[in-house]
Amino acid sequence: MNTPDKNRYENMKYARCGKSGLMLPKISLGLWHNFGGVDVYENAKEMVLRAFDLGITHFDLANNYGPPPGSAEENFGRILRSELAAHREEMILTSKAGYLMWPGPYGEWGSRKYLIASCDQSLKRMGVEYVDVFYSHRPDPDTPLEETMMALDQIVRSGKALYAGISSYSPEQSEEAFKILQELGTPCLVHQPSYSMFDRWVEDGLLDVLEKYGVGAVVFSPLFQGLLTDKYLKGIPEGSRASKKHGFLQASQITEDKIEKVRALNEIASARGQKMAQMALSWVLRDERVTSVIIGASKVSQIEDAVAVVNQSALSAEEIDKIEAVLVS
Ligand code: NDP
């Protein structure tokens, strides 16, 4: 059994998730890549333990994370049982259902049948009695929104999750979902959208809707899966996400135009004493409505780089303008 660092809460900053009672660390760790059955278990364990030592209390999972699907939850459950069992109550564990998990008509999207069965499976894989947040992972164009929201409400009422969340819903769908959940008596805690310098859709209405309803924004892929780092400046390195067959970042997404921008941004980062990856996180966190950024990592040092950001200076208005000029060029 691991003994976590007794100073683990000293350097991390925590922010309230929307208007709820729940505090989340500014940096959260996601287990989408590098924690699955195809990955090295010891490395996954080291990353989770180091994250917890650095004050990261929030671990983001989903039914399908792996590969194979389900294996990230199994691995996380194993780490929890063998190393951190005494600390479950200090953690926010999340899971989601929405993408393909099992064959047939009940293994994806937003039906009550799928969400409730999938939540039960996630609890078993992780070996926990409840998750802290259960998400509808994506909107389902064919299932009535009421049905999906009633399933979330039921999951919370049955004690299998403490809070409900939605992910990647448009501003209009989000507003509808928030109203339904409010009427049901289980207000939505959190929306999980993508957000980074290269992916700014949340600025077109979603953040305003979240503010209006007091829902937190916990954003994913703040580094655009690694592109907003210095990693791809000289091609695609061996072992990087873009080099892996099962990596979600495609080589075709690494365009010359984006690399040119990263090169210019990297200079702005160096001038303020940050790594490119760190400035990309500072930029996302400049908006107070962003409760937390969920980073991914393939090694411990990436988590350390990210956590350092919370105690680095915030971007000045002038720096934000300089970054904007690069992004719109
Ligand atoms: P990021 O944009 O943070 O990308 C993480 C990747 O960037 C790492 O795996 C690593 O890639 C690279 N990286 C990280 N730090 C550094 C660094 N300091 N220097 C160089 N490279 C670095 O996030 P993800 O795309 O991984 O997403 C984060 C989490 O968000 C997921 O784990 C998941 O929990 C959640 N998510 C949710 C979705 C949803 O639909 N709700 C969808 C996608 C993600 P490498 O392997 O190349 O080292």
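Refer to the structure above for everything that follows.
Residues numbered from 1 in each chain as written. Predicted model: local features only at pLDDT ≥ 70, side-chain atom pairs only at ≥ 80, totals over all residues.

## Re the environment of lysine 212
Here's step 1: With respect to the helices and strands, the residue lysine 212 is situated in helix 6 (residues 206-213).
Here's step 2: For lysine 212, a count of 12 C-beta atoms within 10 Å gives the class exposed.
Here's step 3: A sequence separation of 63 residues divides lysine 212 from lysine 275, and the C-alpha atoms of the two residues are 34 Å apart. (Helix = DSSP H or I, 4+ residues; strand = E, 2+ residues; numbered from the N terminus. Buried ≥ 20, exposed ≤ 12 C-beta atoms within 10 Å, placed from the backbone.)

## Things to note about the site of the ligand
Here's step 1: The environment of the ligand is made up of 29 residues, and the closest members are Gly30, Trp32, Phe220, Gly226 and Gly296.
Here's step 2: When residues of the shell around the ligand are traced back to their parent elements, those giving at least two are strand 10 (290-295) and helix 9 (300-308).
Here's step 3: Considering only residue class, the shell around the ligand consists of 10 nonpolar, 15 polar and 4 charged. (Near = placed C-beta within 6 Å. Nonpolar A, V, L, I, M, F, W, Y, C, P; charged D, E, K, R; others polar.)

## Some remarks on helix 1 (residues 41-53)
Here's step 1: Look at helix 1: 18 Å from first C-alpha to last across 13 residues, which is about the 18 Å you get at 1.5 Å a residue.
Here's step 2: Of the residues making up helix 1, those classed as buried are Ala44, Met47, Val48, Ala51 and Phe52. One side of helix 1 holds all its buried residues, which, seen down the axis, span an arc of 130°.
Here's step 3: Each element contacted by the buried residues of helix 1 is listed here: strand 3 (27-30), helix 2 (71-83) and helix 9. (Expected span 1.5 Å × (residues − 1). Arc of directions from axis to C-beta. Contact = placed C-beta atoms within 7 Å.)

## A closer look at the packing of helix 2 against helix 3 (residues 112-126)
Here's step 1: Across the interface, helix 2 lies against helix 3 with an axial gap of 7 Å and an inter-helix angle of 40°. Relative to helix 3, the element helix 2 lies oblique. Contacts between helix 2 and helix 3 pair Glu73, Glu74, Phe76, Gly77 and Leu80 from the former with Ser122, Arg125 and Met126 from the latter.
Here's step 2: Counted by class, the contact of helix 2 with helix 3 contains 3 nonpolar, 2 polar and 3 charged residues. (Axes fitted to C-alpha atoms, helices over the stretch in contact; angles between N-to-C directions. Parallel < 35°, antiparallel > 145°, perpendicular 65-115°, else oblique.)

## Overview of helix 4 (residues 145-157)
Here's step 1: In this model, helix 4 (13 residues) spans 18 Å end to end at C-alpha, consistent with the 18 Å of a helix rising 1.5 Å per residue.
Here's step 2: All buried positions along helix 4 are accounted for by Thr148, Met149, Ala151, Leu152, Ile155 and Val156. What you see down the axis of helix 4 is that its buried residues fit within an arc of 150°, all on one side.
Here's step 3: Here the buried face of helix 4 lies against helix 3, strand 6 (131-136), strand 7 (161-167) and helix 5 (171-184).
Here's step 4: Positive backbone phi, at 85°, marks glycine 159, one or two positions downstream of helix 4.

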